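# Reading the structure
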Amino acid sequence: MDVWTKIEQTVGQSKSIEDQTLWVKSLFSLFANTQECSFEQTFLAGVASESSSSAFWAGYQVAIQRLFGPQLKDEIASFVVNEKKSFKPKNWSTSLVQTEGSDELLLSGNKDFVTAVDQIDVLLIGANTVELSNESNTVGHSKVCKLGVEVEGLSFFEFSGLPVFKELKKSRVEIKTTEVHADSIFVGDGYDNYIKPFRIIEDFYITSVLLGYVIRLLLQSDNRVDDAFDLMVVIEDLKTSEKELLVGMPQCKSSSLLFETTLRNVSDLILKTVQKHESEEGFSNLRKDLMILKIGEKARSIRYDRALKASIES
């Protein structure tokens, strides 16, 4: 069955955020195999979404399952990293304290926001490690640890400081001193092994799902089939990019010039299409939500420059 036929069969659906959560759960076995492609399912999830919020949620969850699936054990998660508007450990105060003679570590701190706390089972929290020495605590490597949302010591507060994807519940989290077992702390440095790769993986799947959602809006807006077809020309490029992405799993610390060029081109195409139709129903709200693509522009530009330099040097 060709992609266009699948789009026609999917565009009549209207999946909510809750529906997308169930959809991700139905695909846990796919995500367990890091070499099995999921671009087409993610793209079609965008076509099936009732709102840009449910589309984003689907893409975000695919990215999380791609990177963290083996550690999640069929759980829905939110990756909780940003602190003081920074995803870099040097700006975090959230810490894991190692105590002498125990397998338990003590986690405490605050994080800027949690995505859709009402949909998830666990938090994946970035923290700096602090080893207890004889004289003082010293900051070491960063780590990512897993905590259930019902764990004692977590407090969630409504957060309205990110005015995008308004249907998604956003919260701040305060972590009072909470015990974390060593088995719930992921191997390797949190920033190098998880945060940096996730930014690449998330960028890819969010871009893919939003492409599907824009095509949905076009087909629902006076049946603009020609404009929808114009967007479909990038689908094969995205399929190729996902294959590269999956080969690099789970680290994905760098990406090729072809990969970054594809993401840049697709993001530009989405933004131009939305701007072209911004006066039409659905597109004006989406334009506000697409701030998310602009937020990622700096990181995408840095990755592109590095990939270009690597390509020239090779």
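Rules used throughout
Residues numbered from 1 in each chain as written. Predicted model: local features only at pLDDT ≥ 70, side-chain atom pairs only at ≥ 80, totals over all residues. Heavy atoms only, no water. Axes fitted to C-alpha atoms, helices over the stretch in contact; angles between N-to-C directions. Helix = DSSP H or I, 4+ residues; strand = E, 2+ residues; numbered from the N terminus. Left-handed = near helix turned anticlockwise from the far one by under 90°. Contact = heavy atoms within 4.5 Å. Nonpolar A, V, L, I, M, F, W, Y, C, P; charged D, E, K, R; others polar. Buried < 20%, exposed > 50% of the residue type's maximum accessible area, 1.4 Å probe, protein only. Arc of directions from axis to C-beta. Patch = residues over 30% accessible without salt bridge, like charges linked within 9 Å, V, L, I, M, F, W, Y side chains within 5 Å. Areas by Shrake-Rupley, 256 points an atom, 1.4 Å probe, with all protein chains shown as cover. Salt bridge = Lys/Arg side-chain N within 4 Å of Asp/Glu carboxyl O. Lys, Arg positive; Asp, Glu negative; His and termini not counted. Charge placed at Lys NZ, Arg CZ, Asp CG, Glu CD. pLDDT = per-residue confidence, 0-100. Core = buried A, V, L, I, M, F, W, Y, C linked by side-chain atoms within 4.5 Å. Parallel < 35°, antiparallel > 145°, perpendicular 65-115°, else oblique.

Glancing now at the packing of helix α6 (residues 190-220) against helix α9 (residues 257-276). For any two helices packed against each other, one specifies the crossing angle of their axes together with the interaxial distance. Interhelical geometry of α6 versus α9 gives an angle of 35 degrees and a closest axis separation of 10 Å. Viewed along their axes, α6 and α9 form a crossing whose handedness is left-handed. Seen from α6, the contacting residues are I200, D203, F204, T207, L210, L211, V214 and L218; seen from α9, they are F259, L263, V266, S267, I270, T273 and V274. Across the contact of α6 with α9, the residue classes tally to 11 nonpolar, 3 polar and 1 charged.

Here we come to helix α7 (residues 225-232). Looking at α7, one finds that the buried residues are D227, A228, L231 and M232. Along α7, the residues classed as buried sweep out an arc of 150 degrees about the axis, all on the same side. Packing partners of the buried residues in α7 comprise α1 (3-10), α6, α8 (235-247) and α9.

Taken together, the side chains of E18, D19, E50, D118 and E167 define an acidic patch exposed on the protein surface. As for its position among the elements, D19 is in helix α2 (residues 17-26). For D19, a relative accessible area of 33% corresponds to the partly exposed category.

As a further point, take the confidence of the model for the protein chain. Model confidence for the protein chain is summarised by a mean pLDDT of 88, while 93% of its residues fall at 70 or above. Here residues 132-139 is a poorly scored stretch, pLDDT under 50, and it has 10 contacts once near neighbours within four places are set aside; other chains count.

Here we come to unusual backbone geometry. Unusually for a residue other than glycine, K84 sits at a positive phi of about 55 degrees. Within the secondary structure layout, K84 lies in the loop between β1 (77-80) and β2 (95-98). The phi dihedral of K85 falls on the positive side, at around 65 degrees, and the residue is not glycine. Considering the arrangement of structural elements, one finds K85 in the loop between β1 and β2.

Before going further, it helps to examine the environment of T261. With respect to the helices, strands and loops of the structure, T261 is situated in helix α9. A relative accessible area of 25% places T261 in the partly exposed class. Residues T261 and T129, 132 residues apart in the sequence, show an inter-C-alpha distance of 36 Å.

A general feature of soluble globular proteins is that nonpolar side chains tend to end up buried together. Counting residues in hydrophobic clusters, the biggest one holds 94 residues, and the most contacted among them are I7, F43, F68 and F79. No other element matches the 17 residues that α6 contributes to this core.

Further remarks concern the packing of α8 against α9. Across the interface, α8 lies against α9 with an axial gap of 10 Å and an inter-helix angle of 140 degrees. On the basis of the axis angle, α8 is oblique to α9. Relative to α9, the crossing made by α8 is left-handed. For the pair α8 and α9, the contacting residues are D237, L238, S241, E244 and L245 in the first and F259, T262 and V266 in the second. Across the contact of α8 with α9, the residue classes tally to 4 nonpolar, 2 polar and 2 charged.

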